[in-house]
Structures are given as structure tokens and as C-alpha cells.
Amino acid sequence: MEFRALCEEFRANNQIPPEKFDLYQVKRGLRNPDGTGVMAGLTLICNVHGYLIDDAERIPDKGILTYRGINVEDIVEGCRRENRFGFEEVAWLLLFGKQPTRSQLEGFCKLLNSYRELPDYFAEDMIIKAPSRNIMNKLGRSVLALYSYDDNPDDPSLENNMRQAIQLIARLPTIMTYAYQVKRRHFDRQSMFFHPLDPNHSTAEAILNAIRPDRVFTDEEAKLLDLCMILHAEHGGGNNSTFTTRVLSSTGTDIYSAISAAIGSLKGPRHGGANHRVMMMMDDLMGHVKNWESDDEVGSYLEKIVRKEAGDRSGLIYGMGHAVYTLSDPRAVILKENARKMAEEHGMLRKFELFERVEKLSPDVFAKVKNDRKVISANVDFYSGLVYEMLGIPSDLYTPMFAVSRIAGWCAHRIEEMETCGRIMRPAYRSLTHEKQYIPIDERE
């Protein structure tokens, strides 16, 4: 069977004219004409602020991210001031809707540690015997498989959802690091190692302990990874993977199906894979630009990228711009400050300054090449890959790290959907088909 010819015929006969979307006022990508998201629900979990509306026009504004009403900058600063890890506190905050007391947080951390170990024979049967080249693929399959190891997987009660959510938040980092080790052994022909878990480790420490052959890391490194996890933990109900969680949860399906679907969403290069693509883009730029300190040389190459003459020919400067944030992405601002400190310590300041230069020049490049003067800024993906690189985290884990952080937000939204919404999501698509006659099989051409 000639699939190429069939595909060409399909493309020729199944295109929807772009003007039809405007004619029927279809909001492609669930976006309004001004780029804002279509209002699809209400939430108490998170707010993403990036602009003001004045006389129906978007006015760029400083980016603000709040978890349960608390500014993420305050959460980060509070943990820094007290010199402690914060991801576990954020997970509690997102799930239970309030800040934990010291005793509640200590109990929660012990509970997470008790759940980090995977069920008996799970690693052997579900990960080692079925390796995957893509860690996100393995995360999705493994989460779905956990259904079979749950004695009460379909109970929709709040108590059961909470129990399942906490187990998933604890286990996903373990699944990630196991999947990475198996991938290294099976596909990369490198050594595979499984270190024992330390019950005193935070989530960030447990991850570094698992991926480093010598298990050695500094407190500063672990707290920087913890910072990344805090900033990636949640970002409102409208991002694709969280919306996916809510769509599936609205059907009443089990948590494993909903979270596995969210992982599949995040795997897509238009969503969670952006930090990896930033690093690929920057590696390409560094290989073609001789003078990294020259605005003219760097800007010239960025123009080629936007014209689809360089890079991956997508025309995108990865890590620049966001669906909501305009003047700034607060996550990127925080990561940039910490990335500079680590770059200075690791002898990577020149590379960091090249990232800064790309960030500075990109808006003018878009204005020059595309005549697009929309206000844009660096998003969290622009600096997160660089931070991961400085922490020695392999590129295979850039997007999975996003997942093991965001699962806290996914679970919070699943629970909110189950507890407060009570109606299956069912949008509409307008059909453009015309009535046709059935043709007997021997009369078809």
C-alpha cells in the first residue's frame, strides 16, 4: 500500500480554509482574538498575572505568580531566609489550600519519604524489562501501570484522591531516575546504577542522589534544584497539561489515567520540551557566532533563526515570549538571578552573558524581521535548561524534571475538578462536511 500517495491525497482533500475559522468565530487553540485564553473554569489554586485590561485592550504589566494567593517570590524568599527546602511545602500548599505548620510539614515530608520506594517488583517488571529511549514516555506508562498496584484505584472520594496524589508526588521522581538509568544501560551502553534512598533527603536531594554516580552534591546545588521545582510546581488551570488533567478528571476517571495523560501533554515540544530546545538553539548559536560579545553578530544570527534560515528552521527563538506574561516572567527573573551566581562559581559566566544578550536582543529582532512589536520577555524555559546543565542534570531529564515538579499542581487541579465542578467538559466543533452518496465498493475509483 502506497501510504505517501494516500497521505498526499488526504492533504489535498481535507484542508480547512483558515478563513473558515474567522467566519464561524472559532477560537483556535482556545484563544481569544487578542491572544488571551478562553475562560473555561474557575480555580482557587493559582493565579498567573501578566497584563491588565483597559478599555478591552491588553496593557503589559509585571508578571506575578501566586500559589493559593501567596506570591511565589515570597515563598522562595522565605525558604532562602530560613535556609530550607521548599518544594514539599509548596506541594502541601497546593493540595490542602493553606501553609503547613512546622509539625504538619515534618509529618508530610516523612509521609513522602515513606512512599518514595516503588511497589514490590514494579521497577523490574515495568521499567527494567521495558526500557524507553524517551523518559517522558516511560513516566506516562509507569504512572498508568501504578493503577494495577493500587488496592483502591477507582474510589473518587477526597480522602482517596489525596492519598493517591501524595503517593504519585513521591514516586514520580523515583520512576524518573530509574527510567533514566535503564535508558543509559539499554540504549546508551553505559553503566546503570541504583542507589538506595535516604529517608532524610528532600525531593531535590533524592534526585541528585539518584543520578550522580558518586552520590555527592552540595547543599547549594540541592537547594537550587529545589528552587527550580518550586517554580515549576504550578501555573494555573489553562496550561495544556493541567487542562488535560482537568478534562480527564471531569469524566470521573481514575487519577492514574488523568496524570498519565498530563505527562503525554507535557511531552509535546510545544509545551514541556521548550527548555531542551533552548539549549539546542544556544548550542547551535554558539557554534556559528564567533564573537559572543558582539550585539551585531548575535543579532544577525537571531535574525536568521527568525527567518527560518538557521537553527531548526522553525522561526522560533525558544524561551522568548509567553501566552500570559508580557513585561516579565517572575520564574525566569528568579532563575536568572540564581543562574548568574552559579555561572560565576562554575566558570560559565561568558555563556550566561550570551544568554542575557539573546534575551536583550530578541524583541528588536522580532520587530525588525516580523514587524512584530509585541512586548515579550524571557520565560522560565530560557534559563532552566542552563541551570540544569550547571547542576550536571542530563538533557534527557530536562522535561521529566518539569513533570516531577508540576505533578503537585496537576494533582491539586484534579482534586479541585473532582470536588467542585461536577460536569464533564464537552466543547463543540462545527462540521464543514457536505452530504455525500454511498458508493458500492466495486464502483469506487
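Residues numbered from 1 in each chain as written. Predicted model: local features only at pLDDT ≥ 70, side-chain atom pairs only at ≥ 80, totals over all residues. Heavy atoms only, no water.

K.L.:
I'd love a proper account of the overall build of the protein, names of residues and values included.
P.N.:
For the protein, the count of helices and strands is 18 helices and three strands. Taking 445 residues into account, the globule formula puts the C-alpha radius of gyration at 22 Å, and the protein, at 23 Å, falls close to it. For the protein, the C-alpha atoms occupy an extent of roughly 70 × 60 × 55 Å along the three principal directions. Partitioning the intrachain contacts of the protein with sequence separation of at least 6 by distance along the chain shows that 71% fall at a separation of at least 24. Carbon and sulfur atoms form 50% of the exposed surface of the protein, whose accessible area is close to 23400 Å². (Helix = DSSP H or I, 4+ residues; strand = E, 2+ residues; numbered from the N terminus. Rg over C-alpha atoms; globule rule 2.2 N^0.38 Å. Contact = heavy atoms within 4.5 Å. Areas by Shrake-Rupley, 256 points an atom, 1.4 Å probe, with all protein chains shown as cover.)

K.L.:
Describe in detail the packing of aromatic side chains, supporting the description with residues and values.
P.N.:
Counting across every chain of the model gives 10 aromatic pairs. Seen in terms of ring centroids, Phe 355 and Tyr 383 are 6.3 Å apart; in terms of plane orientation they differ by 35°. Their pairing is tilted. Note that Phe 355 is positioned in helix α16 (residues 349-370) and Tyr 383 in helix α17 (residues 380-390), a separation of 28 residues in sequence. The exposure class assigned to Phe 355 is buried, which follows from its relative accessible area of 0%. Judged by relative accessible area, which is 0%, Tyr 383 ranks as buried. Here the aromatic cluster, defined as three or more aromatic residues joined through ring pairs, consists of Phe 352, Phe 355, Phe 382 and Tyr 383. Here the basic side chain of Arg 350 rests over the ring of Trp 292, its NZ or CZ set 4.1 Å away from the ring centre. (Phe/Tyr/Trp six-rings, centres within 6.5 Å; stacked < 30°, edge-to-face > 60°. Buried < 20%, exposed > 50% of the residue type's maximum accessible area, 1.4 Å probe, protein only. Lys NZ or Arg CZ within 6 Å of the ring centre and 35° of its normal.)

K.L.:
Lay out unusual backbone geometry with the relevant residues and their values.
P.N.:
One non-glycine residue, Leu 30, lies in the positive phi region at around 50°. One non-glycine residue, Arg 189, lies in positive phi territory at about 55°. Within the fold, Arg 189 resides in the loop between α8 (158-186) and α9 (203-211). Residue Arg 189 is classed as exposed on the basis of its relative accessible area, which comes to 62%.

K.L.:
Outline the nonpolar core, supporting the account with residue identities and numerical values.
P.N.:
With 116 residues, the main nonpolar core has Tyr 67 and Ile 317 as its most contacted residues. Among the elements that make up this core, the one with the highest residue count is α8 (13 residues). Among all residues touching Tyr 67, those that are not within four sequence positions of it are Ile 45, Cys 46, Val 72, Ile 75, Val 90, Leu 93, Leu 94, Ile 230, Leu 231, His 232, Ala 233 and Glu 234. (Core = buried A, V, L, I, M, F, W, Y, C linked by side-chain atoms within 4.5 Å.)

K.L.:
Residues and numbers for the pattern of salt bridges, please.
P.N.:
In total, this model carries 24 salt bridges according to the counting rule given. Among the ionic pairs, Asp 188 bridges to Lys 183, the shortest N-O distance being 2.9 Å. Of the charged contacts, one joins Lys 368 and Glu 303 as a salt bridge, the two residues approaching to 3.1 Å between their closest N and O atoms. Of the two residues, Lys 368 sits in helix α16 while Glu 303 sits in helix α14 (residues 295-306), which places them 65 residues apart along the sequence. (Salt bridge = Lys/Arg side-chain N within 4 Å of Asp/Glu carboxyl O.)

K.L.:
Residues and numbers for the side chain of Asn 160, please.
P.N.:
With respect to the secondary-structure elements, Asn 160 resides in helix α8. A relative accessible area of 7% means that Asn 160 is categorised as buried.

K.L.:
Account for the sheet that holds strand β2 (residues 57-67), with residues named and values stated.
P.N.:
A sheet is described by the order of its strands in space; here three strands give the open sequence β1-β2-β3, paired in antiparallel fashion. What marks the edges here is a single partner per strand, and that holds for β1 (46-54) and β3 (70-71). (Pairing = 2+ DSSP bridges.)

K.L.:
Give a description of the packing of helix α15 (residues 330-345) against α17 that names residues and reports values.
P.N.:
Across the interface, α15 lies against α17 with an axial gap of 9 Å and an inter-helix angle of 30°. Between α15 and α17, the angle falls in the class roughly parallel. In this structure, α15 crosses over α17, and the sense of that crossing is left-handed. Residue-level contacts link Arg 331, Ala 332, Leu 335, Lys 336, Ala 339, Met 342 and Ala 343 of α15 to Val 380, Tyr 383, Ser 384, Val 387 and Met 390 of α17. (Axes fitted to C-alpha atoms, helices over the stretch in contact; angles between N-to-C directions. Parallel < 35°, antiparallel > 145°, perpendicular 65-115°, else oblique. Left-handed = near helix turned anticlockwise from the far one by under 90°.)

K.L.:
Before we move on, could you go through helix α3 (residues 72-81) and cite the residues and values that matter?
P.N.:
When we look at burial in α3, the residues that qualify are Val 72, Ile 75, Val 76, Gly 78 and Cys 79. Seen end-on, α3 carries its buried residues on one side only, within an arc spanning 160°. In α3, the exposed residues that point more than 90 degrees away from the buried face are Asp 74, Arg 80 and Arg 81. Against β2, β3, α4 (87-96), α10 (219-232) and α15 lie the buried residues of α3. With a side-chain oxygen lying 2.8 Å from the backbone nitrogen of Glu 73, the N-terminal cap of α3 falls on Asn 71. In the stretch just after α3, Asn 83 is the one whose phi turns positive, near 55°. (Arc of directions from axis to C-beta. Polar contact = N/O pair within 3.5 Å; in protein donor to acceptor, adjacent residues only side chain to side chain.)

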